[in-house]
Amino acid sequence: MYPINLDLNGQSCLVLGGGAVAERKVCRLLAEGAAVTVIAPSLTRPLQELAESHHLTWQPRTYQAGDESTFFLIICATDNEAVSHAVAAAAKAQGKLLNVCDVPDLCNFTLPSIVRQGDLQLTISTNGKAPALSRWLRKQLEQHFDERYGRWLAELAAIRRQGQSVLPTSRDRQAFWRQALTDDVMALVDNNEIDAASALLRDRLAAWERKNHET
Ligand SMILES: C[C@@]1(CC(=O)O)c2cc3[nH]c(cc4nc(cc5[nH]c(cc(n2)[C@H]1CCC(=O)O)[C@@](C)(CC(=O)O)[C@@H]5CCC(=O)O)C(CC(=O)O)=C4CCC(=O)O)c(CCC(=O)O)c3CC(=O)O
Ligand SMILES: NC(=O)C1=CN([C@@H]2O[C@H](COP(=O)(O)OP(=O)(O)OC[C@H]3O[C@@H](n4cnc5c(N)ncnc54)[C@H](O)[C@@H]3O)[C@@H](O)[C@H]2O)C=CC1
């Protein structure tokens, strides 16, 4: 498995099926800004509402060969294995990104569990072996990696931007960050003392700059 983070903003994505599983997958695609089309004879109530409010395009029918051809990414979430195999053969022949919810062997990507706080994203996969474990681990991690980490990441990103001018080479930046982002800083974050953690890092950056000016 080769994990990647896909930018789906504005990308045309197709979901086959309109049940509970399709609903979960559609919501994730919409959250990423994808342009979603659903092909299914029937939809769950929440999917119907998304169709009525034009958040997705619904084609109320069963899959037909060739439906996949114009889409960047396809998720097959029907309860019909024959459809899964037909879509998989067609999508793979066209080099498409394909997830088949009920047949892991037909997927060329699977969906992980996600813990998200701002730009921070922790994803969990069991390589399809036990999704219930992914879910359990997600719930565990969510307890620890709460909104403190989203705020801290935003702060770190600002310090990192500031550091670009102070730390001229790639080697400087790596050396600084490896010695600066230490357990004591992260302990402050854990304690919800984001401002103190930020001050400590900014002090370290200033000290680094002074030292480099002296030499
Ligand atoms: C391969 C994969 C393909 C894919 O969907 O991408 C896949 C496949 C299958 N799932 C099945 C069942 C369940 N799936 C869940 C939950 C989730 N499943 C998700 C992903 C994946 N599921 C991919 C691999 C992920 C990995 O590597 O771990 C999550 C992480 C993400 C998401 O779906 O968005 C989401 C948790 C989100 C969260 O809460 O964090 C639960 C638990 C529950 O619902 O409580 C159950 C019931 C327990 C059980 O059956 O194990 C079945 C059998 C269907 C049947 O028997 O009818 C298959 C097919 C098979 O295994 O053959
Ligand atoms: N990957 C995952 O996370 C999980 C996968 N599953 C599997 O996913 C599949 C779907 O599960 P549910 O949503 O609960 O099922 P469901 O029965 O609620 O929904 C199936 C949907 O597929 C549509 N459909 C059937 N034939 C179709 C066709 N030829 N073309 C287009 N749409 C068609 C139906 O109209 C319905 O909307 C099942 O096979 C289930 O075993 C189940 C749980 C989790």
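Notes on the structure follow. None of these values were measured; they are calculated from a predicted model. (Residues numbered from 1 in each chain as written. Chains lettered and ligands numbered in written order. Predicted model: local features only at pLDDT ≥ 70, side-chain atom pairs only at ≥ 80, totals over all residues. Heavy atoms only, no water.)

**Focus on the nonpolar core**
Phase 1 of the analysis: Of all hydrophobic cores here, the largest spans 18 residues; its most connected members are Val-15, Val-26, Leu-29, Val-36, Val-38, Leu-56 and Leu-73.
Phase 2 of the analysis: Elements represented by at least two residues in this core include exactly strand E1 (12-16), helix H1 (20-31), strand E2 (35-39), helix H2 (45-52) and strand E4 (73-76).
Phase 3 of the analysis: With 3 residues, H1 is the single largest residue contributor to this core.
Phase 4 of the analysis: Look past the residues within four positions of Val-38 in its chain and what remains in contact with it is Val-15, Gly-17, Val-26, Leu-43, Leu-56, Thr-57, Trp-58 and Gln-59. (Core = buried A, V, L, I, M, F, W, Y, C linked by side-chain atoms within 4.5 Å. Buried < 20%, exposed > 50% of the residue type's maximum accessible area, 1.4 Å probe, protein only. Helix = DSSP H or I, 4+ residues; strand = E, 2+ residues; numbered from the N terminus. Contact = heavy atoms within 4.5 Å.)

**Observations regarding a nonpolar patch on the surface**
Phase 1 of the analysis: A surface patch of nonpolar side chains, amounting to about 450 Å² of accessible area, comprises Tyr-2, Ile-4, Leu-6 and Phe-72.
Phase 2 of the analysis: Summarising the element assignment, Leu-6 is placed in the segment before E1. (Patch = residues over 30% accessible without salt bridge, like charges linked within 9 Å, V, L, I, M, F, W, Y side chains within 5 Å. Areas by Shrake-Rupley, 256 points an atom, 1.4 Å probe, with all protein chains shown as cover. Salt bridge = Lys/Arg side-chain N within 4 Å of Asp/Glu carboxyl O.)

**Topic: the site of ligand 2**
Phase 1 of the analysis: By nearness alone, 19 residues border ligand 2, and Gly-18, Val-21, Arg-24, Tyr-63 and Cys-101 come closest of all.
Phase 2 of the analysis: A distance of 2.9 Å is found between an oxygen atom of ligand 2 and a backbone nitrogen or oxygen belonging to Val-21.
Phase 3 of the analysis: A distance of 3.2 Å separates an oxygen atom of ligand 2 from a polar atom in the side chain of Asp-79.
Phase 4 of the analysis: Summarising the interface, the protein chains cover 66% of the accessible area of ligand 2, which totals 870 Å² for the free molecule. (Near = heavy atom within 4 Å. Polar contact = N/O pair within 3.5 Å; in protein donor to acceptor, adjacent residues only side chain to side chain.)

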